[in-house]
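# Summary of structural features
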Amino acid sequence: MIYAVGIGPGDPDLLPYKTVLLLRKASVIAGFETVLNVARKHFNPEAAIISMGYKDQPEKMELVGELSRQGNTCVVCFMGDVNFSGYEYLERIVTHCKEPNPEIIPGISSAQIAAGRTRTAFETAVFITFHKRGDIAQDKEFLALALKQGKSAIVIPLPWDFMPADICQYLMDSHISGKTKVEVFEHLTWPTEKRYTMTIADCKQTFSDVSLMVISPSK
Ligand SMILES: C[S@@+](CC[C@H](N)C(=O)[O-])C[C@H]1O[C@@H](n2cnc3c(N)ncnc32)[C@H](O)[C@@H]1O
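Everything numeric in this text was worked out from a predicted model, so none of it was measured.

A separate point is unusual backbone geometry. Note: most residues except glycine have negative phi, and most peptide bonds are trans. Here the residue pair Pro-159 and Trp-160 is connected by a cis peptide bond, since its omega of -15° sits within 30 degrees of zero. Residue position: Trp-160 is located in the loop between strand E7 (152-156) and helix H7 (164-173). Even without being glycine, His-187 reaches a positive phi, approximately 55°.

Once that is clear, we can look at the sheet that holds strand E5 (residues 103-105). Spatially, E3-E2-E4-E1-E5 is the arrangement adopted by the five strands of the open sheet, whose pairing is parallel. Of all the strands in the sheet, the pair left with one neighbour each is strand E3 (48-52) and E5. With strand direction ignored, the average angle separating the axes of adjacent strands in the sheet is 20°. Direction of pairing for strand E1 (residues 2-6) relative to strand E4 (residues 74-78): parallel, over a ladder of five bridges. Residue pairing for E4: Val-5 is matched across the bridge by Cys-77. Packed on one face of the sheet, helix H1 (residues 17-25) meets E1, strand E2 (28-32), E4 and E5 and runs near 135° to E1. Against the sheet, helix H4 (residues 87-95) touches E1, E2, E3, E4 and E5, its axis set at about 160° to E4.

For the rest of this paragraph, the subject is H7. Those residues of H7 not exposed but buried are Pro-164, Ile-167, Cys-168, Tyr-170 and Leu-171. Across the axial projection of H7, the buried residues extend over an arc of 160°, all falling on one side. On its buried side, H7 packs onto helix H6 (137-148), E7, strand E8 (181-186) and strand E10 (211-216). Downstream of H7 by a residue or two, His-175 has a phi angle that is positive, lying close to 70°.

Reports often express the size of an interface as the amount of accessible area lost when the parts come together. For the protein chain, the assigned domains read domain 1 (2-105) and domain 2 (110-216). Taking only C-alpha atoms into account, the centre of domain 1 sits 28 Å from that of domain 2. On the side of domain 2, 14 residues touch domain 1, which itself brings eight residues to the contact. Taking both partners together, domain 1 and domain 2 bury about 900 Å²; carbon and sulfur atoms supply 58% of that area. Our enumeration of links across domain 1 and domain 2 arrives at four residue pairs in polar contact (both at pLDDT 80 or more). Grouping the constituent residues of the side of domain 1 that touches domain 2 by class yields three nonpolar, two polar and three charged.

Conventions used here
Residues numbered from 1 in each chain as written. Predicted model: local features only at pLDDT ≥ 70, side-chain atom pairs only at ≥ 80, totals over all residues. Heavy atoms only, no water. Helix = DSSP H or I, 4+ residues; strand = E, 2+ residues; numbered from the N terminus. Pairing = 2+ DSSP bridges. Axes fitted to C-alpha atoms, helices over the stretch in contact; angles between N-to-C directions. Contact = heavy atoms within 4.5 Å. Buried < 20%, exposed > 50% of the residue type's maximum accessible area, 1.4 Å probe, protein only. Arc of directions from axis to C-beta. Domains from an automatic or database assignment. Buried area = accessible area lost by both parts, 1.4 Å probe. Polar contact = N/O pair within 3.5 Å; in protein donor to acceptor, adjacent residues only side chain to side chain. Nonpolar A, V, L, I, M, F, W, Y, C, P; charged D, E, K, R; others polar.

The following block contains the structure:
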């Protein structure tokens, strides 16, 4: 069996108890090194740890698939929650591990933490990720439209092609008021967490690749 678990935004105590129990008994635990580091204190000390990067991901995922077919309980760790900008990675479990139906255990997304910090209810907001392969033109249009309709937007930028400064410039080019409020969060729940509050006209600096924006519509 392969479990796809969200290990949260960075604070190692922000994991569902079910995930902690699973990590304590799993015989194989896989994921990107930075993601594994978040949850490492919960790992079964006997587990085989399969750490991967973008380049060796296919063969490492194939190994996870093989170990799962041999009867091991395998856990693949995702940053935050799988259901927030995680499906491209989930797809690798299907294609490389050859597991058509991994069991998803949701985690806490960085988007949910940002929503909490800014008191943004999801029913008044849209969630948009630019952190994906392929064309993002429709997502850009959707963002501008949502703001024009009075929604807030919780936005994951695309390192390094469409970062907060580019997103804000795009919005002004799309006739969104420069006075619109934007908050950028770096490293949410990490000891290095930072929060920046400004207008989209003032949003010109370079932020970390681990950053997320909350844009509030003009009143
Ligand atoms: C591929 S997306 C995955 C999001 C993840 N599934 C989640 O639920 O948080 C990765 C991007 O999410 C954002 N992100 C993830 N964790 C973050 C954190 N702790 N603080 C700020 N942004 C974060 C960053 O923009 C990062 O580049």
